[in-house]
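# Structural characterization, general
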Amino acid sequence: MRTGIVILVLFALLGGSGYVGWVLVKRSEPVSLPDPTGTFQVGRRTFEWTDTVRRDPYGEGPRKLSVWLWYPVAKSTTGRHVEYAPGLWNGLHLKSPIAVFQGPFNGLQDHALDRATIAPGRFPVVVLMPGMGLSAPMYASLAEELASHGYLVAGVTPTYSANLTVLDGQTVKSTAAANPPNLGETSDGALEAGDHLVTTWAADARFAATTLGKQLPNSVETGIGTSYVGHSFGGAASLEACRTDRRCGAAVDLDGLQFGEVVTKGVHAPIMLLGADDSCITSVCGPDAKNDDGRDRALSLLKASTGTAWCATIPGTRHFNFTDYGAYYLALPLRKFLPLGSVGPRHALAVMNGYVTTFLSHALYRTAAPGAPTCAD
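All figures in this text were calculated on a predicted structure; none of them were measured in a lab. The residue numbers shown here count from 1 along each chain, following its written sequence. Whole-chain, interface and lining totals are the exception, using all residues; otherwise, since this is a predicted model, local features are given only for residues with pLDDT of at least 70 and side-chain atom pairs are given and counted only at 80 or more. For side-chain calculations, the full set of non-hydrogen atoms in the structure is used, while hydrogens and water are omitted.

## With respect to the confidence of the model for the chain
Summary of the metric used: pLDDT quantifies the predictor's per-residue confidence within the range 0 to 100. Looking at the chain as a whole, the pLDDT averages 92, with 95% of positions reaching at least 70. Only heavy atoms matter for contacts: two residues are in contact if any of them lie within 4.5 Å across the pair. Between residues 3–16, whose pLDDT stays under 50, and residues either more than four places distant or in other chains, the model counts zero contacts.

What follows is the structure, encoded as structure tokens:
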């Protein structure tokens, strides 16, 4: 019996080491972000902007933000492609020992050109807000798609809420006050914390839109309006920013429970709510929802809003299908551990990108309406 147990253990060790070896080979193969489908190439620049009139409620001094800008570039432009997560931003990668099951960022091929010249013309602004704990660079797939269709996309990383941001050449971690551990719950305490924090994020989004107009006065289209797009808590912040910004032309909430006064006061601009299969953020719970948490908030938002609202659930998705995790190389068991659905991850990104670009084009340019039904249907 002892001999048999030893043999089984040896086989398990050999099988495990063989699998890890196979993963090491696979993760070394280059992976590319999805190809943008628009008529422009894409450029990328990074900024650090300080809101001198607003004191940071979670740190010392004025509020300072890292903002990544993706923007349209003429098709004929050539240049060096950016690193997906350069320098200290590489800390966004998962840590050991589980990091072995995620492909390295230096093997992730990015389509954006590094600091290329912006295409001639004026383009509407889209402010992109990440999910709680995540950072703007982790939404490059969506940002590059939008930029290729003629948008200036300002990705904001909310300081002290993101697990990692980089400012002044140093990493900044999250704090409990700005990244409440209970935010995923629907208890009174969690909802109160979210309602309070979303005002800071919404102010971050509006500040980014205003500052971008000052930085690129010859490239920003001011006559159409600013759009706010966000995932998870960033989706809630996008709706709240739109509510409080008279320039808002449209807002998109990607699988985010709604927080803030927008829940009771609504939005006047067109909005789109895209949910995962286990979500109720569209006011209609997906087929895999375990409860109806958040449904009442979505219903209240829609009832109070006066602009047209579109709602859709993307089949087979979970919460992280709205991020670049759908483009990373992820081996088992890591892929099963993360909130990724049964749908092909790149297909999910393509569906999301299609919904968002079609909706924004309709809301801003009055092109054909999205294929999703209005929330009233």
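Still to come is the rest of the account.
## Focus: the side chain of Ser-148
Helix and strand labels come from DSSP, where a helix needs a run of H or I of at least four residues and a strand needs a run of E of at least two; each type is numbered from the N terminus. With respect to the element layout, Ser-148 can be found in helix 2 (residues 140–148). Three exposure classes are used, based on accessible area relative to the maximum for each residue type with a 1.4 Å probe and protein chains only: buried under 20%, partly exposed in between, and exposed over 50%. Take Ser-148: its relative accessible area is 0%, and that puts it in the buried class. Leaving out residues up to four positions away in the same chain, Ser-148 has contacts with Pro-36, Thr-37, Gly-38, Thr-39, Phe-40 and Val-42.

## What about unusual backbone geometry?
With an omega dihedral of 5 degrees, the bond running from Ser-96 to Pro-97 counts as a cis peptide bond. Relative to the helices and strands, Pro-97 is located in the loop between strand 3 (62–73) and strand 4 (108–109). Cis geometry marks the peptide bond from Leu-332 to Pro-333; its omega dihedral reads 5 degrees. Relative to the assigned elements, Pro-333 resides in the loop between strand 13 (309–313) and helix 7 (334–337). One non-glycine residue, Asp-255, lies in the positive phi region at around 55 degrees.

## Structural notes on the pattern of salt bridges
Salt bridge, as used here: a side-chain nitrogen of Lys or Arg that lies within 4 Å of a carboxyl oxygen of Asp or Glu. According to the stated counting rule, one finds 15 salt bridges in the structure shown. With a closest N to O distance of 3.1 Å, Arg-115 and Asp-114 form a salt bridge. Overall, the relative accessible area of 23% leaves Asp-114 in the partly exposed class. Of the charged contacts, one joins Arg-243 and Glu-240 as a salt bridge, the two residues approaching to 2.7 Å between their closest N and O atoms.

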